[in-house]
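If you want the building blocks of each chain, they are given just below.
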Amino acid sequence: MSLDPNITAAQEKFGELIQSEYERIDRMKADTEVTDFEKLNKIVVGILPGDGIGPLIMKQALRVFQHLMEPEFASGRLELRTIEGMTIENRAARLQSLPDEVFEDVKKCNVLLKGPMVTPRASDPWPNLISANSLLRRGLELYAAVRPIRIPDKNIDWTFFRENIEGEYIWGNKGIQVNEDLAVDFKVQTRQGSERIARSAFEFARKNGKKNVTIVTKANIVKLADGNFIKAVRKVGEEYPEIEIQERLVDAMCAKMMDPEFSKGIEVIVLPNLYGDIVTDVAAEHQGGLGTASSSNLGNKYAMFEAIHGTAPFLMERGRGDYADPCSLIRAAGMMMAHIGYGDRKNRLDEALDVCTITERKYVITTDRDGASAEEFTDYLLETLNRLK
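Residues numbered from 1 in each chain as written. Predicted model: local features only at pLDDT ≥ 70, side-chain atom pairs only at ≥ 80, totals over all residues. Heavy atoms only, no water.

1. Observations concerning unusual backbone geometry
At step 1: Backbone geometry places L95, a non-glycine residue, at a positive phi of 55°.
At step 2: By secondary structure assignment, the location of L95 is in the loop between α4 (88-94) and α5 (100-106). (Helix = DSSP H or I, 4+ residues; strand = E, 2+ residues; numbered from the N terminus.)

Structure (structure tokens):
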């Protein structure tokens, strides 16, 4: 009996996808070039302002970054390079989420500071382009999304290591519409991808005196992909015998992360892509909202630092973009400073942000005109940095 032609077409497409993964695994095996920032005479910082509130909060983040890194800019060690062409208007006109010439400019930088960018949905007035964020992460092999969450009054100091390329997102636009009744999407896990995110998490834990790495999955249901992820993390963990490994299920993690008994001992958390996206957003809300959280996207050669929230169309449509909270992108700039070798500046920034957002709170961002504007808050932050010298 001959197969349904829809099944035959689906099998052929699935075979092509599997072949592409074999090729990507080979590229991962060959990806051994690591940037040593201490040896660079000049570090080029690419600026991608983004859409919506992106350019507005980027202006404030750069004020803080340039203030803290003033000696390095004066000496020529640092160079800022604004990269044009990544607005949603240009991407839509080009029908390219990441235009070719823009990506070439991106690759000429060592690190990137990125504002939020529109990823169109079916109901949006834009072509349904795939995520520019995902293309940047994949194109630069930024496999580790590192997101810190600090809630001092609850004694929480967590660092999330989200696998940034694989999982449900890597074939997010490559699912198979078998027929009008059946659509299939995929989840992809490789040993190489899982082991390299695990190694990043364990190395961070060892270097920062952490004693615990917690794996978050849904392995009780997603037996192969999540089960193999756990096996890969535990295999890497054998090289770090001083670090305890524990496991949590993603639904329980979202529901109970604020329960001290449930979260006892958690310090460093490693997760597959989709779970990491969800869990870190939930954790950020507990910290004070998405506007308070930042993310670094790390690879062997490149790194990109960004806010974790979106473009805030609600604020822009109501003329309140200037009242957006710039803290997420400011914190991302702090993470970038530490990554390129200036952890002391990040520590100064963290101390000042604690004063401005927790202990003193002279100006408070509320995203409406009753609160501080992004510029007023940044003025306050810069004054606090000078006061704490």
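2. Some words on the sheet that holds strand β2 (residues 78-82)
At step 1: Spatially, the ten strands line up as an open sheet ordered β2-β1-β3-β12-β11-β4-β5-β10-β8-β9, and their pairing is mixed. The two strands at the open ends of the sheet, each matched to only one other strand, are β2 and β9 (244-249). Taking each pair of neighbouring strands and ignoring which way they run, the sheet shows an average axis angle of 25°.
At step 2: Relative to strand β5 (residues 156-163), strand β4 (residues 144-151) is paired through eight bridges, and the arrangement is antiparallel. (Pairing = 2+ DSSP bridges. Axes fitted to C-alpha atoms, helices over the stretch in contact; angles between N-to-C directions.)

3. Section: the pattern of salt bridges
At step 1: In this structure the tally under the stated criterion is 31 salt bridges.
At step 2: Linking E306 and K114 is a salt bridge whose minimum nitrogen-to-oxygen distance equals 2.9 Å. Highlighted residues: E306 in strand β12 (residues 303-307) and K114 in strand β3 (residues 111-114), separated in sequence by 192 residues.
At step 3: The class for E306 is buried, based on a relative accessible area of 3%. (Salt bridge = Lys/Arg side-chain N within 4 Å of Asp/Glu carboxyl O. Buried < 20%, exposed > 50% of the residue type's maximum accessible area, 1.4 Å probe, protein only.)

4. Observations regarding the pairing of β4
At step 1: Summarising burial for β4: six of the eight residues are buried, a large majority.
At step 2: Between the end of β4 and the start of β5, which pair antiparallel, lie four residues, with N155 showing a positive phi angle near 60°.
At step 3: In the sheet, β4 pairs with strand β11 (residues 294-298) via three bridges, with the strands oriented antiparallel. Residue pairing for β11: A145 is matched across the bridge by N297.

5. Brief notes about the side chain of N300
At step 1: With respect to the helices and strands, N300 occurs in the loop between β11 and β12.
At step 2: Every residue in contact with N300, bar those within four places of it in the chain, is listed here: D31, E33, V34, T35, E141 and Y143. (Contact = heavy atoms within 4.5 Å.)

6. Considering the nonpolar core
At step 1: Counting 44 residues, the largest nonpolar core has V111, L113 and L381 as the members making the most contacts within it.
At step 2: Listing elements by their share of this core, those giving two or more residues are β1 (43-48), α2 (54-68), β3, β12, α12 (327-339), α13 (343-359) and α14 (374-387).
At step 3: Per-element tally for this core: the top contributor is α12, with eight residues.
At step 4: Once you skip the residues sitting within four places of it in the chain, V111 turns out to touch F37, I43, V44, V45, G46, A303, F305, M336, H339 and I340.
At step 5: Formed by 30 residues, the second largest nonpolar core is a distinct cluster that contains F186, A198, V213 and A219. (Core = buried A, V, L, I, M, F, W, Y, C linked by side-chain atoms within 4.5 Å.)

7. Observations concerning helix α8 (residues 223-237)
At step 1: Here α8 spans 20 Å end to end across 15 residues, near enough to the 21 Å set by a 1.5 Å rise per residue.
At step 2: All of the buried residues along α8 are A225, D226, G227, F229, I230, A232, V233, V236 and G237.
At step 3: Those residues of α8 that are buried are in contact with α7 (191-207), β8 (212-217), β9, β10 (268-271) and α10 (273-287). (Expected span 1.5 Å × (residues − 1).)

8. Concerning a nonpolar patch on the surface
At step 1: A contiguous nonpolar surface patch, about 280 Å² in accessible area, is contributed by F14, I18 and Y22.
At step 2: Tracing the sequence through the fold places Y22 in helix α1 (residues 5-30).
At step 3: Residue Y22 is classed as exposed on the basis of its relative accessible area of 52%. (Patch = residues over 30% accessible without salt bridge, like charges linked within 9 Å, V, L, I, M, F, W, Y side chains within 5 Å. Areas by Shrake-Rupley, 256 points an atom, 1.4 Å probe, with all protein chains shown as cover.)

9. Observations concerning the side chain of T311
At step 1: Inspection of the secondary structure puts T311 in the loop between β12 and α11 (313-317).
At step 2: When residues no more than four places from it in sequence are discounted, the contact partners of T311 are D51, G52, I53, P116, M117, V118 and M316.

10. A word on the environment of P120
At step 1: Position of P120 relative to the elements: it lies in the loop between β3 and α6 (132-139).
At step 2: Expressed as a C-alpha distance, the spacing of P120 and T35, which sit 85 residues apart in the sequence, is 33 Å.
At step 3: In this structure, P120 is in contact with I88, W126, P127, N128 and L129, ignoring residues within four places of it in sequence.

11. Here we look at the packing of aromatic side chains
At step 1: Counting across every chain of the model gives nine aromatic pairs.
At step 2: Ring centres of F14 and F186 lie 5.2 Å apart, and the angle between their planes is 20°; this geometry places the pair in the stacked category. Of this pair, F14 sits in helix α1 while F186 sits in the loop between β7 (182-184) and α7, placing them 172 residues apart in sequence.
At step 3: The exposure class assigned to F14 is partly exposed, which follows from its relative accessible area of 35%.
At step 4: Note on W171 and F186: the rings are 5.3 Å apart at their centroids and 85° apart in plane angle, and the pair reads as edge-to-face. Of this pair, W171 sits in the loop between β5 and β6 (176-179) while F186 sits in the loop between β7 and α7, and the two are 15 residues apart along the sequence. With respect to burial, W171 and F186 carry one shared label: buried.
At step 5: Members of the aromatic cluster, joined through ring pairs, are F14, W171 and F186.
At step 6: The side chain of R248 reaches across the aromatic face of F262, ending 4.9 Å from its centre. (Phe/Tyr/Trp six-rings, centres within 6.5 Å; stacked < 30°, edge-to-face > 60°. Lys NZ or Arg CZ within 6 Å of the ring centre and 35° of its normal.)

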